[in-house]
Amino acid sequence: MWKEHDMIRSVKKEIYSNIERVEEEPQDSLNKLRSLTEGLSQLLSSHFYKENNILFPTGLRVIQDREWIEIRSQFDEIGYCCFTPESTLAPLEKVEETKIEKEEGTIVLETGTFTVEELESILNTLPVDITFVDKNDSVRYFSQTKDRIFVRTKAVIGRKVQQCHPQKSLHVVNQIIEDFRSGKRDSAEFWINLNNRLIYIRYFAVRDKNGNYLGTLEVTQDITNIKRIEGEKRLLD
């Protein structure tokens, strides 16, 4: 079914492309459009048949009532495709969350779990350098990527962020943090040229679910090669 979705999108893309060429190549484009639309009609008809007679009945047999409630909850969160079903306006039954048994050394988050080693390795694998400054302006964490752009030492942990910047840029640091803390802004961005590389530096306000300020996240990335990207790359080297 997933593969057929890809096929449908591909045919629709061809249809739109031929519509744009109708004025330049009217006869060829119209003939192509006729062929494409007939093929799309047959593909959709077959696809809908499989959904209505195989996929949906199977789902009704194997998915439990409690799971349907969770499915509905997640659909409400990400949104629906072409329209919002009227049934989604009805109140959603409260579902008791499944308790994840916490093993020693496991960090349990809302959408999954990590061991400490896994989480640290993931943060160090990200193609960006990150530094977290807490709500009291103290440096609490920095990632240790293989090719970190700005060198950090463990001595900065616990130090006030204002002590980690030169005096000439201190007013900018304080302004960003104050704007984050007050809710005036949620992000700030800068870019500089460093050793013939384009460095993109972003700051994000970290807030809890109630919007309370928890700190500032600095994300630094070398975007030199990203800026050179053109066209598409769909195959593995």
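Residues numbered from 1 in each chain as written. Predicted model: local features only at pLDDT ≥ 70, side-chain atom pairs only at ≥ 80, totals over all residues. Heavy atoms only, no water.

Novice: Teacher, can you tell me more about the pairing of strand 1 (residues 106-109) here?
Specialist: For a regular strand, side-chain orientation follows a simple rule: the groups alternate between the two sheet faces. Alignment of strand 1 against strand 2 (residues 112-115), held across 4 bridges, turns out to be antiparallel. Its bridge partner being in strand 2, Leu 109 is matched across the sheet by Gly 112. Turn length for the strand 1-strand 2 hairpin, with the two strands adjacent in sequence and antiparallel, is 2 residues. (Pairing = 2+ DSSP bridges. Helix = DSSP H or I, 4+ residues; strand = E, 2+ residues; numbered from the N terminus.)

Novice: Any chance you could explain helix 2 (residues 26-62) here in plain terms?
Specialist: The periodicity of an α-helix, 3.6 residues per turn, causes residues three or four places apart in sequence to face the same way. With 37 residues, helix 2 ought to run about 54 Å at 1.5 Å a step, and its terminal C-alpha atoms sit 51 Å apart, in line with that. When the local axis directions of helix 2 are compared, the greatest deviation, roughly 40 degrees, occurs at Glu 51. Turning to helix 2, its buried residues are Ser 29, Leu 33, Leu 36, Leu 40, Leu 43, His 47, Glu 51 and Gly 59. Residues of helix 2 that are buried sit in contact with helix 1 (2-20) and helix 3 (65-78). (Expected span 1.5 Å × (residues − 1). Bend = angle between axes of the 7 residues up to and from the residue. Buried < 20%, exposed > 50% of the residue type's maximum accessible area, 1.4 Å probe, protein only. Contact = heavy atoms within 4.5 Å.)

Novice: Explain the nonpolar core to me, please; I cannot follow it from the model alone.
Specialist: A general trend in soluble globular proteins is that nonpolar side chains are found buried together. If you look at the biggest cluster of nonpolar residues, it comprises 15 residues, and the most contacted ones within it are Val 139, Val 161, Ile 176, Ile 177, Phe 180 and Tyr 203. For this core, the secondary-structure elements that each account for two or more residues are strand 4 (139-142), helix 5 (170-182) and strand 6 (197-207). Beyond its immediate chain neighbours, meaning those up to four positions away, Phe 180 contacts Arg 185, Asp 186, Ser 187, Ala 188, Tyr 203, Phe 204, Ala 205, Arg 207, Tyr 213 and Thr 216. The next biggest cluster of nonpolar side chains, apart from the first, holds 7 residues, and it includes Ile 15, Leu 33, Leu 36 and Leu 40. (Core = buried A, V, L, I, M, F, W, Y, C linked by side-chain atoms within 4.5 Å.)

Novice: What is the right way to look at the packing of aromatic side chains in this model?
Specialist: Describing an aromatic ring pair means giving the distance of the ring centres and the angle of the ring planes. Considering all chains together, one arrives at 3 aromatic pairs under this definition. Centroid distance Phe 75 to Tyr 80: 5.6 Å. Interplanar angle 15 degrees. Geometry classified as stacked. Judged by centre distance (6.1 Å) and plane angle (75 degrees), the ring pair of Phe 190 and Tyr 203 falls under edge-to-face. Taken together, the residues span a long stretch of sequence, with Phe 190 in strand 5 (residues 187-194) and Tyr 203 in strand 6 at a distance of 13 residues. Using a relative accessible area of 15% as the deciding quantity, one classes Tyr 203 as buried. (Phe/Tyr/Trp six-rings, centres within 6.5 Å; stacked < 30°, edge-to-face > 60°.)

Novice: What should I look at first to understand the environment of Glu 67 in this one?
Specialist: Counting through the fold element by element, Glu 67 comes out in helix 3. Considered as a pair, Glu 67 and Glu 86 are 19 residues apart in the sequence and their alpha carbons are 20 Å apart.

Novice: I keep staring at the sheet that holds strand 7 (residues 213-222) and nothing clicks. Help me out?
Specialist: One open sheet holds the 5 strands; their spatial order is 4-3-7-6-5, and the pairing between them is antiparallel. One side of each edge strand has no neighbouring strand; the edge strands of this open sheet are strand 4 and strand 5. Taking the axes of each pair of neighbouring strands and ignoring which way they run, one obtains an average angle of 15 degrees across the sheet. As defined by bridge partners, strand 3 (residues 129-134) adjoins strand 7 across 6 bridges and the pair is classed as antiparallel. (Axes fitted to C-alpha atoms, helices over the stretch in contact; angles between N-to-C directions.)

Novice: I keep staring at the pairing of strand 3 and nothing clicks. Help me out?
Specialist: With 6 of 6 residues buried, strand 3 lies mostly within the body of the structure. Where burial is concerned, the two faces of strand 3 agree: the one with Asp 129, Thr 131 and Val 133 and the one with Ile 130, Phe 132 and Asp 134 are both buried. Where strand 3 lies against strand 4, 3 bridges are found, and the strand directions are antiparallel. If you follow Phe 132 over to strand 4, its bridge partner there is Tyr 141.

Novice: Would you take a moment to explain the pattern of salt bridges for this structure?
Specialist: Once their charged atoms are close, side chains differing in charge can pair, the charge on each being opposite to the other. Inspection of every chain in the model, using the stated rule, returns 12 salt bridges. Among the salt bridges present, the one from Asp 6 reaches Arg 9, with a minimum N-O distance of 2.5 Å. Residue Asp 6 and its partner Arg 9 are both found in helix 1; the two are separated by 3 residues, about one turn of the helix. Assessed through its relative accessible area of 39%, Asp 6 is described here as partly exposed. Asp 237 is the partner of Lys 233 in a salt bridge, and the nearest nitrogen-oxygen pair spans 3.6 Å. According to the relative accessible area criterion, Lys 233 is exposed, its value standing at 61%. (Salt bridge = Lys/Arg side-chain N within 4 Å of Asp/Glu carboxyl O.)

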